[in-house]
Amino acid sequence: GAVVSQHPSWVICKSGTSVKIECRSLDFQATTMFWYRQFPKQSLMLMATSNEGSKATYEQGVEKDKFLINHASLTLSTLTVTSAHPEDSSFYICSASPIRQGVSWEQFFGPGTRLTVL
Amino acid sequence: KQEVTQIPAALSVPEGENLVLNCSFTDSAIYNLQWFRQDPGKGLTSLLLIQSSQREQTSGRLNASLDKSSGRSTLYIAASQPGDSATYLCAVQNAGNMLTFGGGTRLMVKP
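Everything numeric in this text was worked out from a predicted model, so none of it was measured. (Residues numbered from 1 in each chain as written. Chains lettered and ligands numbered in written order. Predicted model: local features only at pLDDT ≥ 70, side-chain atom pairs only at ≥ 80, totals over all residues. Heavy atoms only, no water.)

Undergrad: With reference to specific residues and values, describe the pairing of strand 8 (residues 72-77) of chain B.
TA: All names here are of chain B. Only one face of strand 8 is buried: it carries Ser73, Leu75 and Ile77, and the other face, with Arg72, Thr74 and Tyr76, is open. Relative to strand 8, strand 3 (residues 19-25) is paired through 6 bridges, and the arrangement is antiparallel. Bridge pairing in strand 8 places leucine 21 opposite leucine 75. The pairing of strand 7 (residues 62-67) with strand 8 spans 6 bridges and is antiparallel. Its bridge partner being in strand 8, aspartate 67 is matched across the sheet by arginine 72. Taking the residues that link successive antiparallel strands as the turn, the strand 7-strand 8 hairpin has 4 residues, and the phi of glycine 71 there is positive, at about 70°. (Buried < 20%, exposed > 50% of the residue type's maximum accessible area, 1.4 Å probe, protein only. Helix = DSSP H or I, 4+ residues; strand = E, 2+ residues; numbered from the N terminus. Pairing = 2+ DSSP bridges.)

Encoded structure:
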């Protein structure tokens with residue numbers, strides 16, 4: 001149980017285009033989903049926290065108009081990188097926190113999406 | 001703001017050695033601390049989670065300790081194997097269910 005998927009697993013796009021990445025919790029409902037970015041040989045940096053049905057909370061330095069997050073249901077969150085540029089090339093990882101009574105700390109991670117912007 | 005540091009950044013050892021990976025954090029008001037493994041180009045695999053009230057957790061050849069007051073954790077890997085080669089990430093959880101990750105230790109175990 002507690003499987004999180006991401007689609008696509010990798011994507012190559014041209015500069016100026018937009019790319020949508022999906023994060024799904026396959027066998028549980030998630031109150032909260034998190035989006036992280038990881039540059040080569042660096043650690044994960046939290047970009048934003050999204051709760052179903054409400055606006056995402058972005059970390060300092062992350063442009064909310066560039067990285068659009070939609071948490072439309074308890075099993076799906078999407079991250080859209082708008083007007084992508086080569087510096088947006090990175091590994092994007094999502095995690096999901098299940099709805100469990102009395103337990104709020106769990107996060108299950110997706111396999112990541114490799115974005116390359118040419 | 002929580003900061004997490006991992007030492008060493010990289011480690012290369014021959015097979016069979018016992019290893020210690022270090023993690024330190026600046027804000028001791030944590031809910032828990034987790035150790036993850038990440039293979040190249042892949043997502044995260046949770047290895048061990050230590051709640052703030054606990055001192056250590058063990059799973060197979062892995063043992064993680066936590067000293068919350070001093071802001072330190074260690075991951076001990078016994079009898080290392082080539083299959084242990086990966087990046088090991090330490091992450092602490094504070095209020096709001098947020099995880100703050102360290103920079104990772106890239107481990108190479110040579111046969």
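Right, picking up where we left off after that structure.
Undergrad: So what's going on with the nonpolar core? Residues and values would help.
TA: Formed by 24 residues in total, the largest nonpolar core has its most connected members in Trp35(A), Phe67(A), Leu79(A), Tyr92(A) and Leu115(A). Contributing elements (two or more residues each) for this core: strand 2 (10-13), strand 3 (19-25), strand 4 (30-38), strand 5 (44-51), strand 7 (67-73), strand 8 (76-81), strand 9 (90-98) and strand 11 (113-117) of chain A. In contact with Phe67(A), not counting residues within four places along its chain, are Arg37(A), Met47(A), Tyr58(A), Val62(A), Leu79(A), Thr80(A), Val81(A), Asp88(A) and Tyr92(A). Formed by 22 residues, the second largest nonpolar core is a distinct cluster that contains Phe25(B), Leu33(B), Leu62(B) and Leu66(B). (Core = buried A, V, L, I, M, F, W, Y, C linked by side-chain atoms within 4.5 Å. Contact = heavy atoms within 4.5 Å.)

Undergrad: Tell me about a nonpolar patch on the surface, and please be specific about residues and values.
TA: A surface patch of nonpolar side chains, about 390 Å² in accessible area, is lined by Trp10(A), Ile12(A) and Leu118(A). In this fold, Leu118(A) is placed in the segment after strand 11. (Patch = residues over 30% accessible without salt bridge, like charges linked within 9 Å, V, L, I, M, F, W, Y side chains within 5 Å. Areas by Shrake-Rupley, 256 points an atom, 1.4 Å probe, with all protein chains shown as cover. Salt bridge = Lys/Arg side-chain N within 4 Å of Asp/Glu carboxyl O.)

Undergrad: Provide a residue-level description of the layout of surface pockets, including the pertinent values.
TA: Of the voids in this model, the largest pocket is the one considered here, and its volume is about 520 Å³. Along the walls of the largest pocket sit 18 residues, with Met45(A), Glu59(A), Lys1(B), Gln2(B) and Thr100(B) positioned nearest its centre. Elements supplying a minimum of two residues to the lining of the largest pocket: strand 5 of chain A together with strand 10 (99-101) of chain B. With 4 residues, the top contributor of residues to the lining of the largest pocket is strand 5 of chain A. Partitioning the lining of the largest pocket into residue classes produces 10 nonpolar, 4 polar and 4 charged. (1 Å grid on protein atoms, 1.4 Å probe; cavity = no way out; pocket = protein on both sides within 12 Å on 5 of 7 lines; lining within 4 Å. Points joined across faces, edges and corners; volume = space filled by probe spheres on them. Nonpolar A, V, L, I, M, F, W, Y, C, P; charged D, E, K, R; others polar.)

Undergrad: Tell me about the interface of chain B and chain A, residues and numbers included.
TA: Counting residues at the interface gives 18 residues for chain B, matched by 19 residues for chain A. Taking both partners together, chain B and chain A bury about 1400 Å²; carbon and sulfur atoms supply 54% of that area. Our count for the contact surface shared by chain B and chain A stands at 0 salt bridges. Only strand 4 (32-38), strand 5 (44-51), strand 9 (86-93) and strand 10 of chain B provide two or more residues apiece to the side of chain B that touches chain A. Across the side of chain B that touches chain A, the residue classes tally to 7 nonpolar, 9 polar and 2 charged. (Buried area = accessible area lost by both parts, 1.4 Å probe.)

Undergrad: An account of the state of the cysteines is requested, with residue identities and associated values reported.
TA: As enumerated under the stated definition, the model contains 2 disulfides over all chains in all. Shown here is the disulfide that connects Cys23(A) with Cys94(A), its sulfur atoms set 2.0 Å apart. Every disulfide takes its handedness from the sign of the S-S torsion; for Cys23(A) and Cys94(A) that torsion is 80°, giving right-handed. Linking Cys23(A) in strand 3 with Cys94(A) in strand 9, this pair joins segments that are 71 residues apart in sequence. Both residues of the pair, Cys23(A) and Cys94(A), count as buried. Between the sulfur atoms of Cys23(B) and its disulfide mate Cys90(B) the distance is 2.0 Å. Judged by the sign of its S-S torsion, about -55°, the bond between Cys23(B) and Cys90(B) is left-handed. Remark: Cys90(B) occurs in strand 9 and Cys23(B) occurs in strand 3; sequence separation between them is 67 residues. As far as the burial class goes, Cys23(B) and Cys90(B) line up, both buried. (Disulfide = S-S within 2.5 Å.)

Shape is all these values report; function is a separate question.
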